[in-house]
Amino acid sequence: MKQKSIFPKVAFDMFSVQFIWSLWFISFILLAHIVMIVVSINSDSVLGEFLFFSHSSSKVYMLVIGIISSYAFLTFYVNHGVTRKDYFIGAALAAVGIAAAIAIIAAVLTGLEYAVLEITNLPVTINNSLADNSIESSDNSISIFVPKAILSSSILVHSSSWLLSLLMYTLNILTLYVIGWLIGSGYYRFGWVIGFGFIAISLVSIIIADLLWGTELGEPLSNWLPFSSISLPVSVSAAGSIILIGVILWGIRLLTKRITIKM
Amino acid sequence: MKFDVEVNNLSLKYNDYEALKDLSFMLEGGKVYGLLGRNGAGKTSLLSLLASFRESTKGSIKITGENPFENADIMQNVHLIYEKDYKDESEKVKGMLEIIERYRPNFDAEYAQYLVKRFKLPLDKAVNKLSRGMQSALNVTMGLASRAPITIFDEAYLGMDAPTREIFYKELLADQAERPRTMILSTHLVSEMDYLFDEVIIIDKGAFVLHEEYETLISRGASITGAAEEVDDFVSGMTQLNEQQLGNTKAVMVYGYLSEKDKQEALQRGLEVGPVSLQDLFIHLTSEEV
């Protein structure tokens with residue numbers, strides 16, 4: 001009596017749970033963004049659109065829920081008779097879904113943002129073509145690095161490449177999710193001492209991901225590199241990102257393939 | 001389908017520590033097994049292997065003839081219930097049951113509702129807000145309602161008060177009578193649960209001690225009750241497990257088969273021969289002195 005595959009169920013369930021978390025996350029970011037808009041109205045500073053604004057926080061958020069993935073779901077699923085393999089495939093699919101969902105929601109909100117600002121005619125300057133690759137508040141206290149590619153292909157500036165923007169946003173935050181998942185799996189399997197090693201691997205992965213997208217490197221550890229950013233065609237960046245995600249996923253699978261479940 | 005469990009030369013090492021040493025036994029499907037062992041005997045290690053939580057260092061486990069590890073068809077049908085850490089579980093009782101239903105092919109939602117009422121579980125309360133006893137009752141509810149062909153309760157009653165444990169035992173027996181499945185109950189509350197067991201497996205310090213039918217096992221001992229001097233005289237030379245005295249009346253538990261001749265002799269001396277408790281046998285068989 002063969003049951004049908006269980007991973008689609010895992011994927012759907014993990015997506016649903018994390019989607020609810022993500023809605024909370026996006027609400028908070030949206031709130032913060034609205035506050036920023038109000039501040040910028042009163043202080044004349046330049047503001048990045050929501051897609052830019054949410055990008056770096058989304059990365060951190062995805063890193064965090066990636067770390068939680070093993071602890072929150074692996075034990076539960078194996079305890080309920082789901083194989084580690086079905087968990088892995090389901091969790092990976094859910095992660096792709098969550099990354100895409102956040103990107104789509106961020107894009108829709110950005111569209112709404114423009115529409116609302118247009119209609120209300122508020123005196124806000126939204127900058128989506130910053131040349132120096134970073135968004136800075138007027139007093140330089142906040143600086144957010146954004147991938148060039150997203151900047152130069154903002155959905156509203158070049159509406160023809162909105163799909164590309166979405167893809168980039170999705171790949172960027174998905175990379176952070178799998179990096180978090182790798183850290184979580186490393187800790188789950190080896191405990192905290194060896195777990196630190198996974199943080200080192202993750203830092204390297206984050207640097208690679210940033211280089212792929214031509215982002216200026218923000219991590220102090222990358223100072224030893226002879227260059228601070230490289231320029232790649234978008235297709236190469238995307239392909240590189242997908243390969244990086246694939247390699248990390250492969251690492252997670254190796255770690256969790258026969259992992260002992262914590263009781 | 002019958003879910004027979006076959007364990008062969010099973011060993012498990014944690015670094016240098018041998019948690020399980022060369023265990024071999026066979027569990028025929030559809031019976032209730034009591035797994036007894038002292039603290040640290042390796043009960044949970046053994047059960048976590050059966051539930052594919054980990055892999056053995058040596059030896060094999062076969063369920064329906066197949067290795068259960070990472071085998072979806074078998075893992076879905078094995079349910080290990082143990083005391084979980086629910087401090088971060090903000091899901092409500094109702095939600096928990098709904099999730100379980102999605103992953104347990106034999107889950108019976110109606111029966112789950114019935115058990116929820118029996119245990120007076122609040123459906124709309126978050127699991128981490130339940131008392132320890134209530135969390136155990138929820139675990140037991142999920143365990144019974146999953147109706148997994150192999151259901152393993154590892155000290156599942158922890159935190160439950162005596163009346164709640166009684167409900168658990170009653171419902172377990174009632175459901176087992178209607179839908180026999182393999183149940184493995186690990187416990188140290190031997191005296192309270194012995195009547196549930198069809199068969200008993202005892203392990204000690206990671207090693208196999210015995211696997212016998214409950215009735216056979218308790219016939220391997222007897223309690224001799226009567227006048228103190230007569231009792232002392234009769235049991236001299238026998239392995240004594242335990243003795244109790246009230247006034248001049250003494251009861252001694254002895255280990256070893258009593259022949260018909262022995263029993264006749266006891267009767268002639270005015271002694272009463274009764275069954276021994278599994279608890280006393282268990283203590284005897286796993287005590288340090290043996």
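Residues numbered from 1 in each chain as written. Chains lettered and ligands numbered in written order. Predicted model: local features only at pLDDT ≥ 70, side-chain atom pairs only at ≥ 80, totals over all residues. Heavy atoms only, no water.

Engineer: Talk me through the packing of helix α2 (residues 50-79) of chain A against helix α5 (residues 162-212) of chain A; I want residue IDs and the actual numbers.
Structural biologist: Residue and element names in this part refer to chain A. Relative orientation of the contacting elements α2 and α5 amounts to 35°, with a least axis distance of 10 Å. When you trace α2 past α5, the crossing you get is right-handed. Its residues assigned to classes, the contact of α2 with α5 comprises 17 nonpolar, 11 polar and 2 charged. (Axes fitted to C-alpha atoms, helices over the stretch in contact; angles between N-to-C directions. Helix = DSSP H or I, 4+ residues; strand = E, 2+ residues; numbered from the N terminus. Left-handed = near helix turned anticlockwise from the far one by under 90°. Nonpolar A, V, L, I, M, F, W, Y, C, P; charged D, E, K, R; others polar.)

Engineer: Go over the UniProt feature "transmembrane region" (unreviewed entry) in chain A, please, and point to the residues and values.
Structural biologist: All names here are of chain A. UniProt marks residues 21-41, 61-80, 87-112, 162-183, 190-214 and 234-255 with the feature "transmembrane region" (unreviewed entry), using the numbering shown here. For residues 87-112, helix accounts for 100% and strand for 0%, while the C-alpha atoms at its two ends are 37 Å apart. Structurally, residues 162-183 comprises 100% helix and 0% strand, and the distance from its first C-alpha atom to its last is 32 Å. (UniProt positions renumbered as here; feature names shortened; annotations may be inferred.)

Engineer: Could you give an account of the sheet that holds strand β13 (residues 272-275) of chain B, naming the residues involved and the relevant values?
Structural biologist: Strand pairing in a sheet relies on backbone hydrogen bonds, with the paired strands running either antiparallel or parallel. Residues and elements named next belong to chain B. Spatially, the 4 strands line up as an open sheet ordered β11-β12-β10-β13, and their pairing is antiparallel. Edge positions in the open sheet fall to β11 (239-246) and β13, since each of these has one partner strand only. Within the sheet, the average angular offset between the axes of one strand and its neighbour, ignoring direction, is 20°. Pairing geometry for strand β10 (residues 221-227) and strand β12 (residues 249-255), over 7 bridges, is antiparallel. Bridged to Gly221 within β12 is Tyr255. Contacts from helix α11 (residues 278-286) reach β11 and β12, with the element oriented near 135° to β11. (Pairing = 2+ DSSP bridges. Contact = heavy atoms within 4.5 Å.)

Engineer: Explain the pairing of β10 of chain B residue by residue, including any values.
Structural biologist: Residue and element names in this part refer to chain B. The buried fraction of β10 amounts to 5 of the 7 residues, a majority that puts the element mostly inside the structure. Across 4 bridges, β10 lies against β13 in antiparallel orientation. Note on β13: the bridge partner recorded for Ala222 is Pro275. (Buried < 20%, exposed > 50% of the residue type's maximum accessible area, 1.4 Å probe, protein only.)

Engineer: Give me the lowdown on the nonpolar core, citing residues and values where you can.
Structural biologist: Among the nonpolar cores identified, the biggest contains 143 residues, and Met62 of chain A together with Phe153 of chain B are the most heavily contacted of them. No other element matches α5 of chain A, which puts 18 residues into this core. There are two domains that each give this core at least three residues, and those are domain 1 (5-216) and domain 2 (219-286) of chain B. Beyond its immediate chain neighbours, meaning those up to four positions away, Phe153 of chain B contacts Ile81, Val140, Gly143, Leu144, Phe168, Leu172, Met183, Ile184, Leu185 and Ser186 of chain B. Counting residues in each nonpolar core, the second largest holds 10 residues, with Val235, Val252, Val254 and Leu258 of chain B among its members. (Core = buried A, V, L, I, M, F, W, Y, C linked by side-chain atoms within 4.5 Å. Domains from an automatic or database assignment.)

Engineer: Run through the interface of chain B and chain A, naming residues and quoting values.
Structural biologist: Across the contact, 23 residues belong to chain B and 28 residues belong to chain A. Taking both sides of the interface into account, the surface hidden between chain B and chain A amounts to around 2400 Å²; carbon and sulfur atoms contribute 55%. Here chain B is connected to chain A by 3 salt bridges. The partner of Arg84 of chain A in a salt bridge is Glu70 of chain B, and the shortest N-O contact between them spans 3.0 Å. Our count for the chain B to chain A interface comes out at 13 residue pairs in polar contact (both at pLDDT 80 or more). When residues of the side of chain B that touches chain A are traced back to their parent elements, those giving at least two are α1 (43-50), α2 (72-75), β5 (78-81) and α3 (93-103) of chain B. A total of 4 residues in the side of chain B that touches chain A trace back to one element, the largest contributor, which is α3 of chain B. (Buried area = accessible area lost by both parts, 1.4 Å probe. Salt bridge = Lys/Arg side-chain N within 4 Å of Asp/Glu carboxyl O. Polar contact = N/O pair within 3.5 Å; in protein donor to acceptor, adjacent residues only side chain to side chain.)

Engineer: Account for unusual backbone geometry, naming residues and giving values.
Structural biologist: Residues and elements named next belong to chain B. Here Asn15, not a glycine, exhibits a phi torsion of approximately 50°, which is positive. Its location among the elements puts Asn15 in the loop between β1 (5-14) and β2 (17-27). For Asn15, a relative accessible area of 75% translates into the label exposed. The backbone phi angle of Glu155 is positive, close to 50°, even though this residue is not glycine. Tracing the chain through its elements places Glu155 in the loop between β6 (150-154) and α6 (162-178).

Engineer: So what about the pattern of salt bridges? Which residues, and what values?
Structural biologist: All names here are of chain B. Tallying each qualifying case throughout the model produces 24 salt bridges over all chains. A salt bridge links Glu28 to Lys31; the nearest nitrogen and oxygen atoms lie 3.8 Å apart. Exposure remark for Lys31: the relative accessible area of 21% places this residue in the partly exposed category. For Asp233, the salt bridge identified is with Arg269, shortest N-O distance 2.7 Å. On the criterion of sequence distance, the pair formed by Asp233 in helix α9 (residues 228-235) and Arg269 in the loop between α10 (260-268) and β13 is long-range, its members being 36 residues apart. A relative accessible area of 46% places Asp233 in the partly exposed class. Taken together, the salt bridges that share partners define one network made up of Asp108, Arg147, Asp175, Glu178, Arg179 and Arg181.

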